[in-house]
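If you want the building blocks of each chain, they are given just below.
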Amino acid sequence: MKKIVNGLCFIYLVLLAHLTRNSNVFLIAISLSMGLIFWNIFKFLNIKKILVEYEKKGKYYIRDSTFRVSLFSVILIGIFLGFGAYLVGKIMNIDYLPIINVLASSLVIFSILIKLTSNYIEVIGYKKLGKNIQDIYYITSITWEIIASILLFKVFKFSNDINILILYGSITIIFILFIVSTFLLIFKKHKKEKPQKERVNYLKILKKVWNIDKKTTTTNIIKSSYIYVSIILLYYTLINRYNYNYDEIGQVISDTYLFGIFTGYFFYKLISKCLSKRLETLYEKLEKKDDDSDYVSEILNEVIRFSLPIIILLLVISGPLSRILCATKYNLLFNLFLLLPFYIMYDVILKFNIKYSGKKILLFVLLSGLTIKLIFEIPLINAMYRAGYTLVFGSILSTIIGFIFSIISGYFLIKKKLHLHFLKGFEKLLNIIYENIIFCLVLVLFTLIVKPDTGGIIHSLFVIIFYIFVAGIFQIAKFILVKR
């Protein structure tokens, strides 16, 4: 079911890019980036284990109280977040943004409430429904959003802001239908059970419910903040310093930080999924750590060895991919694919710091990178203007510099604890880089024969297939030569 949900999300993203090519969807970009931060506050909230514990002990009243307290706490936090989102929208002084921000934060709360309800339904006896209800909710919501987007952007003639309000608002209706039907199911079950009242320590329950992985949660919140910070800084720089009008800014930001960044994220998830299987053994060896081997360097080298050829290929075919996936004639994805290897390394280093560093060190690694990004953002945007490049590249470049700083500081802060040997791993790293330089040169030579610059979707598909074929042949030839 999750694969269906992810597939539908990707299809909707591509479809929305094509549907809104002549529309300003800046409000979606900025509200979703804020919603992403909110989502990471609740991401690891899961009450299933707690409910199962009380279920096994026969404490049905405390089980039900835990469920109710969980819902109440999420709603209460959601109200504060919604109020904060509304104030931010007011401060930015953009029409409809306050209400759009509130709706975006509501979508996050709806999603978490459905998740908690699915935990409860599964424990009280509806296992199959409990396991699938969240995915069913997502599939229903996304399917409706696809239909609604087609109608709003291609059939009806409402303004862009009204279209976005309707899109967000319609999910509220779907949530109400889902939550009402599931609570009717719970009520039916309770009519049969009628659990006996018990004394409940609500503070103890709240501590149990919110006993989440704080280090990982903090990491995810700060990681997701990069997008929102980039949008805010880019928006005010373009409007105040370079006199862009609102529609121009909307186009630039939604292309980069909505369609572009989320397309790049899908490729990141694909690479990460393939990498997790390849790195499983190395992570197990690192856990045991019964010798002096530098498994961290081996893991980092394996990450680079696997991901770098894919990223080089993506850079070469970024033009055709931009045409098909983001509906743009210019090469939107090239700059974002440049960001991809640094994000992958940043993500891996942070995982090590979460596991092997203290809270203060982890916070330093996270905040130092974000601070460096903030310092360099506006100067680099100005530098790109003087150099004649797209201004948004300055924003992306500042993010890369922030990631690099966090990668270096994160590595050297765990170096002593894990007894890392940088020079030993560096020799292998150089060999990987040499191999990929050759691979890059081969692809560049082929660009003289088949130019990646394309004019249509069919030709773009042909170019993508051709370069995937060339990359495949190169990797097979390299494997055969290394084996010999």
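Anything mentioned here points back to the structure above.
Residues numbered from 1 in each chain as written. Predicted model: local features only at pLDDT ≥ 70, side-chain atom pairs only at ≥ 80, totals over all residues. Heavy atoms only, no water.

Here the focus is the layout of surface pockets. Estimated volume of the second largest pocket: approximately 750 Å³. In this structure, the second largest pocket is lined by 29 residues; those nearest its centre are Ile304, Phe342, Met345, Leu429 and Ile433. Put simply, the parts of the chain that give the lining of the second largest pocket at least two residues each are α11 (295–316), α13 (333–356), α15 (392–415) and α16 (422–446). Broken down by element, the lining of the second largest pocket gets its largest block of residues, ten residues, from α11. (1 Å grid on protein atoms, 1.4 Å probe; cavity = no way out; pocket = protein on both sides within 12 Å on 5 of 7 lines; lining within 4 Å. Points joined across faces, edges and corners; volume = space filled by probe spheres on them. Helix = DSSP H or I, 4+ residues; strand = E, 2+ residues; numbered from the N terminus.)

Our next topic: the state of the cysteines. A covalent bond bridging the sulfur atoms of two cysteines is what the word disulfide describes. Enumeration according to the criterion identifies zero disulfides in this entry. Of all cysteine sulfurs, the one in Cys326 lies closest to Cys9, which takes part in no disulfide; the gap is 15 Å. In this structure Cys9 comes out as partly exposed when scored by relative accessible area, which is 31%. (Disulfide = S-S within 2.5 Å. Buried < 20%, exposed > 50% of the residue type's maximum accessible area, 1.4 Å probe, protein only.)

For the rest of this paragraph, the subject is the packing of aromatic side chains. For any two aromatic rings, the description comes down to two numbers: the centre-to-centre distance and the angle of the planes. A full pass over the atoms with the stated rule returns 24 aromatic pairs. With a centroid separation of 5.9 Å and an interplanar angle of 85°, the aromatic rings of Phe26 and Tyr246 are classed as edge-to-face. Of this pair, Phe26 sits in helix α2 (residues 26–42) while Tyr246 is found in helix α10 (residues 246–288), placing the two residues 220 residues apart along the sequence. Owing to a relative accessible area of 0%, Phe26 belongs among the buried residues under this scheme. Between Phe110 and Phe175, the ring centres sit 4.1 Å apart and the planes meet at 10°, which makes this aromatic pair stacked. Here Phe175 lies in helix α7 (residues 160–193) and Phe110 lies in helix α5 (residues 97–123), a separation of 65 residues in the sequence. Judged on exposure class, the residue Phe110 and its partner Phe175 are both buried. (Phe/Tyr/Trp six-rings, centres within 6.5 Å; stacked < 30°, edge-to-face > 60°.)

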